[in-house]
Amino acid sequence: MVPAQWRSLTSREKLRNTFPVLYRSSAPVKVIEYSNVVDRKKRRYSRIQVTAFIMSCLSLLVYETDGMSAMSEIAFEVFLLLWRGINEFFHDEFDLSAVWHHGGFLLVYMIFQYNKRWQKQYSDLAVHMQILHFPMVLWYLGGRYHSILSNASLRSLCVLLFRPSWILSVSFRFSSMAMATVNSLRLLDGLILAALTCVYFLLDLYWSSCFFGRVGPSHVPLTLISSSCGIILAILASKHKRSLQRSSS
């Protein structure tokens, strides 16, 4: 059974591709169909979600330019998380994947509140996990069946950019958490990080199957390039964090 959050991905909506420029292969071109009927409730849901994701992306950019601390950014993300959760609940979009995702982030936030060592060591990692919100903006703008944009060219551009940005973000998240797990100095830290890595990677894989089930898979070369970029970005971010820690100590 398809969860409520992905009801727009059912087989009756997986038709032939109206935007063949986005996906070329030897197989029949896949269609990305959109609703021709304005559903105010679903459009309202998408508008609230994309607004929250845009605000999250802006907050990440402010953090990366040293405009706010990691804990301030995380506190803002918690507010946006609760806002999105309420929106999902009242629009019948709250499912088990949302429980795992929202619950996991709130758990990390509570650990940071009561464990200052974790806050100092892993708050930067928690902030960087929000990189996934950049492709989510593209998804709500032009990827969903009830997307916000009505212009076909803009929708096509959103889907075109969504595929590599999503793969890069998933690769970055998994690589960053895996490196943090391997580099953890305490057994308990490693076990907690390993559990969180598994949960979030499985969620990312599940969401990937849902997203690409609708818009079609990415080309193999593009997938490899995007994944490699995510891994390289994670390595660079880890090195930058260690250099900052050495300079401050």
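Our subject is the structure that appears above.
Residues numbered from 1 in each chain as written. Predicted model: local features only at pLDDT ≥ 70, side-chain atom pairs only at ≥ 80, totals over all residues. Heavy atoms only, no water.

Some points on a nonpolar patch on the surface
Here is step 1: Where nonpolar side chains cluster on the molecular surface, the patch consists of Ile86, Phe89, Phe90, Phe94, Leu96, Val99 and Trp100 and spans about 800 Å² of accessible area.
Here is step 2: For the nonpolar patch, the secondary-structure elements that each account for two or more residues are helix H2 (70–90) and helix H3 (96–114). (Patch = residues over 30% accessible without salt bridge, like charges linked within 9 Å, V, L, I, M, F, W, Y side chains within 5 Å. Areas by Shrake-Rupley, 256 points an atom, 1.4 Å probe, with all protein chains shown as cover. Salt bridge = Lys/Arg side-chain N within 4 Å of Asp/Glu carboxyl O. Helix = DSSP H or I, 4+ residues; strand = E, 2+ residues; numbered from the N terminus.)

Concerning helix H7 (residues 187–215)
Here is step 1: With 29 residues, H7 should cover 42 Å at 1.5 Å per step; its first-to-last C-alpha distance of 41 Å lies within 8% of that length.
Here is step 2: Where H7 ends, the next residue or the one after it, Gly216, has phi of about 90 degrees, a positive value. (Expected span 1.5 Å × (residues − 1).)

What about the packing of H2 against helix H4 (residues 116–128)?
Here is step 1: Remark: H2 packs on H4, axes separated minimally by 9 Å, with the N-to-C direction vectors making an angle of 50 degrees. By the angle class used here, H2 and H4 are oblique. Here the hand of the crossing between H2 and H4 comes out left-handed. Counting all contacts with H2, which are made through Ala70, Met71, Glu73 and Ile74, the residues of H4 involved are Gln119, Ser123, Asp124, Ala126 and Val127.
Here is step 2: In terms of residue class, the contact of H2 with H4 is made up of 5 nonpolar, 2 polar and 2 charged. (Axes fitted to C-alpha atoms, helices over the stretch in contact; angles between N-to-C directions. Parallel < 35°, antiparallel > 145°, perpendicular 65-115°, else oblique. Left-handed = near helix turned anticlockwise from the far one by under 90°. Contact = heavy atoms within 4.5 Å. Nonpolar A, V, L, I, M, F, W, Y, C, P; charged D, E, K, R; others polar.)

What to know about the nonpolar core
Here is step 1: Phe112 and Trp166 are the most contacted members of the largest nonpolar core, which has 47 residues in total.
Here is step 2: Contributions of two or more residues to this core are made by helix H1 (40–64), H2, H3, H4, helix H5 (133–143), helix H6 (152–183) and H7.
Here is step 3: For this core, the element with the highest residue contribution is H6, accounting for 9 residues.
Here is step 4: Ignoring any residue separated from it by four or fewer positions in sequence, one finds Phe112 in contact with Met71, Ile74, Trp118, Gln119, Tyr122, Ser123 and Ala126. (Core = buried A, V, L, I, M, F, W, Y, C linked by side-chain atoms within 4.5 Å. Buried < 20%, exposed > 50% of the residue type's maximum accessible area, 1.4 Å probe, protein only.)

Quick notes on the pattern of salt bridges
Where charged atoms from two side chains of opposite charge approach closely, those side chains can pair.
Here is step 1: Inspection of every chain in the model, using the stated rule, returns 2 salt bridges.
Here is step 2: A salt bridge links Asp189 to Arg117; its shortest N-O distance comes to 2.7 Å. Residue Asp189 is found in helix H7, and its partner Arg117 is found in helix H4; the two are separated by 72 residues along the sequence.
Here is step 3: A residue is classified by how much of its surface remains accessible, and Asp189, at 3% relative accessible area, is buried.
Here is step 4: For Arg117, a relative accessible area of 29% translates into the label partly exposed.
Here is step 5: Put simply, Asp204 and Arg173 hold a salt bridge, and the shortest N to O gap is 3.0 Å. Residue Asp204 is found in helix H7, and its partner Arg173 is found in helix H6; the two are separated by 31 residues along the sequence.
Here is step 6: Overall, Asp204 belongs to the buried group, its relative accessible area being 2%.
Here is step 7: Under the relative-accessibility criterion, Arg173 is labelled buried at 5%.

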